[in-house]
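Here are the chains, one letter per residue:
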Amino acid sequence: MSLSQHARLARALALAVPALLLGGAYVSQYGFGLYPCEMCWWQRWPHFAAVGLALLAYATPPQRLWTGAAALAILVSGVIGLFHAGVEYGWWEGITSCAAITSGSSGNALEDIMNTPLVRCDEPAWTLLGVSLAGFNFLISTATGLAIFALLVKDRRA
């Protein structure tokens, strides 16, 4: 069964947006030294799932189901981003302490620990116009997830 234009656009968004957000996260981490805190990682996991689900939507039926599942994963990342942004802005307390993520690249565990930066979950690493990366993830992920669902609903009515 061929997918409509709306369903194809929804599927493309379900793959492209989380892939681009993950790409941006890794560029900021490895290119600009903005190391992720624990809650930053929490936001990445649903995007990894969304990419996998969107790839399934390209590979096997039922495409609409896989696309909808990817949209749900994207929305989950957005909700986590909202929670993280709230912690950064001091709206509420986080449920985790600061985290240091070691890369384990030197082969010496003590050296890796000592050279790993402490990353605070309650302080934004970067902002633009007062919006943190977690805030942007909330805005982009929520808008994308809702847009995908709207496209899928529009597709069902067509």
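This text follows the structure it describes.
Overview of the structure.

Reading the values: rules and limits
Residues numbered from 1 in each chain as written. Predicted model: local features only at pLDDT ≥ 70, side-chain atom pairs only at ≥ 80, totals over all residues. Heavy atoms only, no water. Core = buried A, V, L, I, M, F, W, Y, C linked by side-chain atoms within 4.5 Å. Buried < 20%, exposed > 50% of the residue type's maximum accessible area, 1.4 Å probe, protein only. Helix = DSSP H or I, 4+ residues; strand = E, 2+ residues; numbered from the N terminus. Contact = heavy atoms within 4.5 Å. Phe/Tyr/Trp six-rings, centres within 6.5 Å; stacked < 30°, edge-to-face > 60°. Lys NZ or Arg CZ within 6 Å of the ring centre and 35° of its normal. Expected span 1.5 Å × (residues − 1). Patch = residues over 30% accessible without salt bridge, like charges linked within 9 Å, V, L, I, M, F, W, Y side chains within 5 Å. Areas by Shrake-Rupley, 256 points an atom, 1.4 Å probe, with all protein chains shown as cover. Salt bridge = Lys/Arg side-chain N within 4 Å of Asp/Glu carboxyl O. Lys, Arg positive; Asp, Glu negative; His and termini not counted.

## Here we look at the nonpolar core
Item 1. Core analysis: the largest hydrophobic core is formed by 12 residues, namely Ala10, Ala14, Ala50, Leu53, Ala54, Ala70, Ala71, Ala73, Ile74, Ile148, Leu151 and Leu152.
Item 2. Sorting the residues of this core by element identifies helix H1 (5-32), helix H2 (38-59), helix H3 (63-88) and helix H5 (133-157) as the ones contributing at least two each.
Item 3. Take this core: its biggest share by element is four residues, from H3.
Item 4. Contacts of Ile148, omitting those with residues within four sequence positions, involve Ala10, Leu13, Ala14, Thr67, Ala71 and Ile74.
Item 5. Cys37, Met39, Val119 and Cys121 belong to the second largest nonpolar core, which has five residues in total.

## Side note on the packing of aromatic side chains
Item 1. Counting across every chain of the model gives seven aromatic pairs.
Item 2. Taken together, a centroid distance of 5.4 Å and an interplanar angle of 50° make the contact between Trp45 and Phe48 tilted. Highlighted residues: Trp45 and Phe48, both in helix H2, separated by three residues, approximately one helical turn.
Item 3. Trp45 sits in the exposed class, given a relative accessible area of 52%.
Item 4. For the pair Tyr89 and Trp91, a centre-to-centre distance of 5.2 Å together with 45° between the ring planes defines the contact as tilted.
Item 5. Judged by its relative accessible area of 31%, Tyr89 is partly exposed.
Item 6. In this structure Trp91 comes out as exposed when scored by relative accessible area, which is 53%.
Item 7. Among the aromatic residues, those joined into a ring-pair cluster are Tyr26, Tyr30, Trp41, Trp45 and Phe48.
Item 8. Just above the ring of Trp41 sits the side chain of Arg44; from NZ or CZ to the centre is 4.6 Å.

## Re H3
Item 1. Here H3 is 26 residues long and its end C-alpha atoms lie 37 Å apart, about the 38 Å a rise of 1.5 Å per residue gives.
Item 2. Looking one or two places after H3, you find Gly90, whose phi comes out positive at around 75°.

## Overview of a nonpolar patch on the surface
Item 1. Together, Leu82, Tyr89, Trp91 and Trp92 give the surface a local cluster of nonpolar side chains, amounting to about 400 Å² of exposed area.
Item 2. Locating Trp91 in the fold gives a position in the loop between H3 and helix H4 (109-115).

## Quick word on the side chain of Arg44
Item 1. Among the structural elements, Arg44 can be located in helix H2.
Item 2. Of the buried charged residues, Arg44 lacks a salt bridge, with Glu88 as the closest side chain of opposite charge at 12 Å.
Item 3. The residues touching Arg44, leaving out its near neighbours within four places in the chain, are Leu22, Ala25, Tyr26, Gln29 and Pro36.

## Section: unusual backbone geometry
Item 1. The omega torsion across Pro61 and Pro62 is -5°, close enough to zero to call that bond cis.
Item 2. Inspection of the secondary structure assignment puts Pro62 in the loop between H2 and H3.

## Remarks on the environment of Leu15
Item 1. Residue placement: Leu15 occurs in helix H1.
Item 2. Sequence separation between Leu15 and Gly52 is 37 residues; the distance between their C-alpha atoms is 8.2 Å.
Item 3. What Leu15 contacts, discounting residues up to four positions off in sequence, is Val51, Ala54, Leu55 and Tyr58.

Read these as spatial facts, not as claims about activity.
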